[in-house]
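# Per-entry structural report
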Amino acid sequence: MAFAHRRLSPPSLTAAVMLVTALAAAAAFGVIVHLQSTASSSRDAEAELVALRLSVSQVLGVPWGASPGEGDDPADVRDELTGATEEIEQTLTRLERDGGPPDVRSALRSFHRVDAALQHVLEAVSHDRQDAANESSDTAARQAYTVDQALASAGKRYRERSRAAASKARNGTALVIALLLSGFAWSFWRTQRARLLAEGSAAAHRQLAAENAKNALTDPLTGLANRRALLRDLEGVVAGDGDLTVLVLFDLDGFKLYNDTFGHPAGDALLARLGGRLDAATAGRGVAYRLGGDEFCLLAQVSDEADALTLASTAQVALTESGPGFAIGSSYGAALLPAEAASVTEALTLVDTRLYLQKGNGRVPASQQAADVLVTVLNERDSELGRHSHTVASLAGRVATAYELPSVEVKRIRLAAEVHDIGKAAIPDAILTKTEPLDDVERDFLRRHPLIAERVAMAAPALAPTAELLRGHQEHYDGTGYPDSLTADQIPMGARIIAACHAFDLLTHDHPGPGRSVGAALAHLRREAGTRFDPGVVERLAEVVGNQHGFVRLADPADLIDPTQPTR
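First, a word on what this report is: a plain description of the structure on this page. (Residues numbered from 1 in each chain as written. Predicted model: local features only at pLDDT ≥ 70, side-chain atom pairs only at ≥ 80, totals over all residues. Heavy atoms only, no water.)

### Here we look at the pattern of salt bridges
Oppositely charged side chains can pair when the atoms bearing their charge come close. This is how the line gets drawn: The salt bridge criterion pairs a side-chain nitrogen of Lys or Arg with a carboxyl oxygen of Asp or Glu, the two atoms within 4 Å. Burial classes: relative accessible area under 20% of the type maximum marks a residue as buried, over 50% as exposed, and values in between as partly exposed (1.4 Å probe, protein chains only).
One pass over the structure, following the stated rule, counts 23 salt bridges. Between Arg 105 and Glu 96 there is a salt bridge, with its nearest N and O atoms 2.6 Å apart. The class of Arg 105 is partly exposed, set by a relative accessible area of 49%. A network of salt bridges, in which partner residues are shared, links Arg 273, Arg 277 and Glu 321.

Okay, here's the thing in structure tokens:
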């Protein structure tokens, strides 16, 4: 018996497409997680290799402590040497077992020869046979150099592996987002098309009833007066020269998302509730209307412009509601009649224009959205970095304002200050949280963060104007900073402002040591004005901080901070 071909119904087809999209996204996410894990483990392995190179250089001097003239017990030195070499060999063996590059195996073989030579050095030194010790020491040093070169090569390979995995993870994430957006867009299009077809079919059946009710003046959903009633009432207002009247047009904010999330019945119920509140809030003052969709209107007599604004604000509050997963508000445009419009069309056009101007002013700029994302990343990495970024942004904005810079430049400086530490997201915690002075390798690693921040900004078009400030915020006024050793006016003004505000916040908060008084922090900045900081910026910062905190005492000598200990 043959079966007829059966096509999927629109809901079934939509569900099938969404299921396939979800499964593909889940599989891609699994690959992305694996790639991110690979990138992380490669970074950790690279850091381990840096530590190993240091350990190998240090272990060369251990056997020389076994000399009878030094007073050390050769047995203790032997135990120390054995422990150090075993630790290095175990680390190299683990890295090789975990899939390390061939250089790790080469380093392990060479280190075995280092170990053997050091044992000979130990034996010779403990018996005062310096000639034999020197020969074995030379052998150990040559082999240690071979080990160091192999570890350096392995570190480079780990770094390349980490970058490749991170790049693939980013590309994979973008692909998943595109896949999900495509699936949702296709599903939304299918749903809207089906709804429009259904509404068109239903419209034909309602046409006769609509003809009979076309002259009705009441909105059936909310019970308020409708658009036809508003047009009738406006004709009388603009044609006369009587009492001052305010026309206010409202448009709900967040209603589309509410409707899509909770469904049309819930959306209709919300409109009915808000309409009732608007009617109650303006009862005795004017007439409330629903014009259709999520648009409401108010027409009321007022005494003056202030009274009109008060009434509009009262109505705006009435058109609000919030709950789990949603928040509904409203924007409005208002006009005083008949003073500001001579016709119904002119009045409606005026309030509509003012409404959408207000809506535009409420949008969050793309640059601020990008900055918020990056600050969230910092806050997830270290809540102190998130707090520090917001504080520095606030200070930098006020100092830039004190210079009377253009508002566009003030915004650029504040935005750069908010994300100035984003490069530290790529710096290992072991370096960022280290309390003792950094060694040369760690210091070079830390000094990459302005360049990393610049690359992040250039990758986001909305943040690109901040890139030069991010690159320059660790430059010093006398040219001793990094990464470009710029001096004085070669350093962008915004970068000089951020540098001073950054240092001030670190000095006054527990990061990493006890925070100092405001006076002590300013005294420290003034000591370094002309060397590390722009003297003018320091004084503007002192003015801003003084206005905020009131009188600022001079620091006691005991409060001053050692300038040889740089802040991070």
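### As for a negative patch on the surface
The following threshold applies: Within this analysis, patches are made of residues with over 30% relative accessible area and no salt bridge. Like charges are joined at 9 Å or less; nonpolar side chains (Val, Leu, Ile, Met, Phe, Trp, Tyr) at 5 Å or less. Where accessible areas are quoted, they stem from the Shrake-Rupley method and a 1.4 Å probe; at the residue level, only the protein chains shown are allowed to cover. For the purpose of charge, His is not counted, nor are the chain termini; Lys and Arg are scored as positive and Asp and Glu as negative. Throughout, a charge is located at the NZ atom of Lys, the CZ atom of Arg, the CG atom of Asp or the CD atom of Glu. Secondary structure elements follow DSSP: runs of H or I of four or more residues count as helices, runs of E of two or more count as strands, with numbering from the N terminus.
A cluster of acidic residues, Asp 73, Asp 76, Asp 79 and Glu 80, forms a negative patch at the surface. Along the chain, the position of Glu 80 falls in helix 2 (residues 74-97). With relative accessibility at 47%, the residue Glu 80 sits in the partly exposed group.

### Some words on the pairing of strand 3 (residues 295-301)
Operational definition: When DSSP finds two or more bridges between two strands, those strands count as paired.
Of all 7 residues in strand 3, 6 are buried; the element is thus mostly enclosed. For strand 2 (residues 286-292) and strand 3, the ladder comprises 6 bridges, and the chain directions are antiparallel. Of the residues in strand 3, the one forming a bridge with Gly 286 is Ala 300.

### Some thoughts on the packing of helix 6 (residues 255-262) against helix 7 (residues 264-281)
The line we're drawing: Only the stretch in contact is used when a helix axis is fitted, and all axes are lines through C-alpha atoms; the angle between N-to-C directions ranges over 0 to 180 degrees. Just so you know how the angles are binned, under 35 degrees is roughly parallel, over 145 roughly antiparallel, 65 to 115 roughly perpendicular, and the rest oblique. Any two residues having at least one pair of non-hydrogen atoms within 4.5 Å are treated as being in contact. Note that Gly is not counted as nonpolar here; it falls among the polar residues with everything else outside the nonpolar set of Ala, Val, Leu, Ile, Met, Phe, Trp, Tyr, Cys and Pro and the charged set of Asp, Glu, Lys and Arg.
Put simply, helix 6 and helix 7 touch, their axes get as near as 6 Å, and they point 140° apart. One finds that helix 6 runs oblique with respect to helix 7. Along its contact with helix 6, which presents Phe 255, Tyr 258, Asn 259 and Phe 262, the element helix 7 presents His 264, Ala 266, Gly 267, Leu 270, Leu 271 and Arg 273. Of the residues belonging to the contact of helix 6 with helix 7, the class tally is 6 nonpolar, 3 polar and 1 charged.

### Here we look at the packing of aromatic side chains
Using the following cut-off: Two rings belonging to Phe, Tyr or Trp (six-membered ring only in the last case) form a pair when the distance between their centres is within 6.5 Å. Interplanar angles under 30 degrees mark stacking, angles over 60 mark edge-to-face geometry, and anything in between is tilted. Either the NZ atom of lysine or the CZ atom of arginine qualifies as a charge over a ring when it sits within 6 Å of the ring centre and within 35 degrees of the ring normal.
In this structure the tally under the stated criterion is 2 aromatic pairs. With a centroid separation of 5.8 Å and 50° between ring planes, the pair formed by Phe 250 and Tyr 332 is classed as tilted. Here the residue Phe 250 occupies a position in strand 1 (residues 245-253), and Tyr 332 occupies one in strand 5 (residues 326-337), the gap between them amounting to 82 residues. The burial state of Phe 250 is the same as that of Tyr 332; both residues are buried. Considering the side-chain rings of Tyr 258 and Phe 262, the 4.7 Å spacing of their centres and the 45° angle between planes classify their relative orientation as tilted. Here Tyr 258 and its partner Phe 262 are both found in helix 6, 4 residues apart, which amounts to about one turn of the helix. The buried category is assigned to Tyr 258, whose relative accessible area is 8%. One Lys or Arg, Arg 448, reaches over the ring of Phe 445 and ends 4.3 Å from the middle of that ring.

### Things to note about the side chain of His 420
Heads up, the rule is: Identification of polar contacts relies on pairs of N or O atoms within 3.5 Å, with a donor-acceptor requirement for protein atoms, meaning one able to donate a hydrogen and the other able to accept it, and with residues adjacent in sequence counted only if both atoms are side-chain atoms.
Here His 420 lies in the loop between helix 12 (407-418) and helix 13 (429-432). At 3.4 Å, the side chain of His 420 forms a polar contact with the side chain of Asp 421. Among the polar contacts listed, one links the side chain of His 420 to the side chain of His 502, at a separation of 3.2 Å. Setting aside chain neighbours within four positions, we find His 420 in contact with His 388, Ser 389, Val 392, His 449, Ala 453, Leu 470, His 473, Ile 498 and His 502.

### Overview of the sheet that holds strand 1
Within the open sheet, the 5 strands sit side by side as 2-3-1-5-4. Their pairing is antiparallel. In this open sheet, the two edge strands, each paired with only one partner strand, are strand 2 and strand 4 (321-323). If you compare each strand with its neighbour and ignore which way they point, the axes differ by 20° on average. In this sheet, strand 3 lies alongside strand 1 in antiparallel orientation, the contact comprising 7 bridges. Paired with Asp 251 across the two strands is Glu 295, which belongs to strand 3.

### As for the nonpolar core
Soluble globular proteins tend to bury their nonpolar side chains together. As a reminder of what qualifies: Throughout this description, the term nonpolar core refers to a set of buried Ala, Val, Leu, Ile, Met, Phe, Trp, Tyr and Cys residues connected via side-chain atoms within 4.5 Å.
Membership of the largest hydrophobic core comes to 36 residues, with the highest contact counts inside it found for Ile 413, Ile 497, Ile 498, Cys 501, Phe 504, Leu 525 and Leu 541. Elements represented by at least two residues in this core include exactly helix 11 (383-402), helix 12, helix 15 (449-459), helix 16 (467-472), helix 17 (493-508), helix 18 (518-527) and helix 19 (535-549). The leading source of residues in this core is helix 17, at 7 residues. The contact partners of Cys 501, leaving out residues within four places of it in the chain, are Val 392, Leu 395, Ala 396, Val 399 and Leu 541. Listed in part, the 31 residues of the second largest apolar core include Leu 49, Leu 52, Val 104 and Ala 133.

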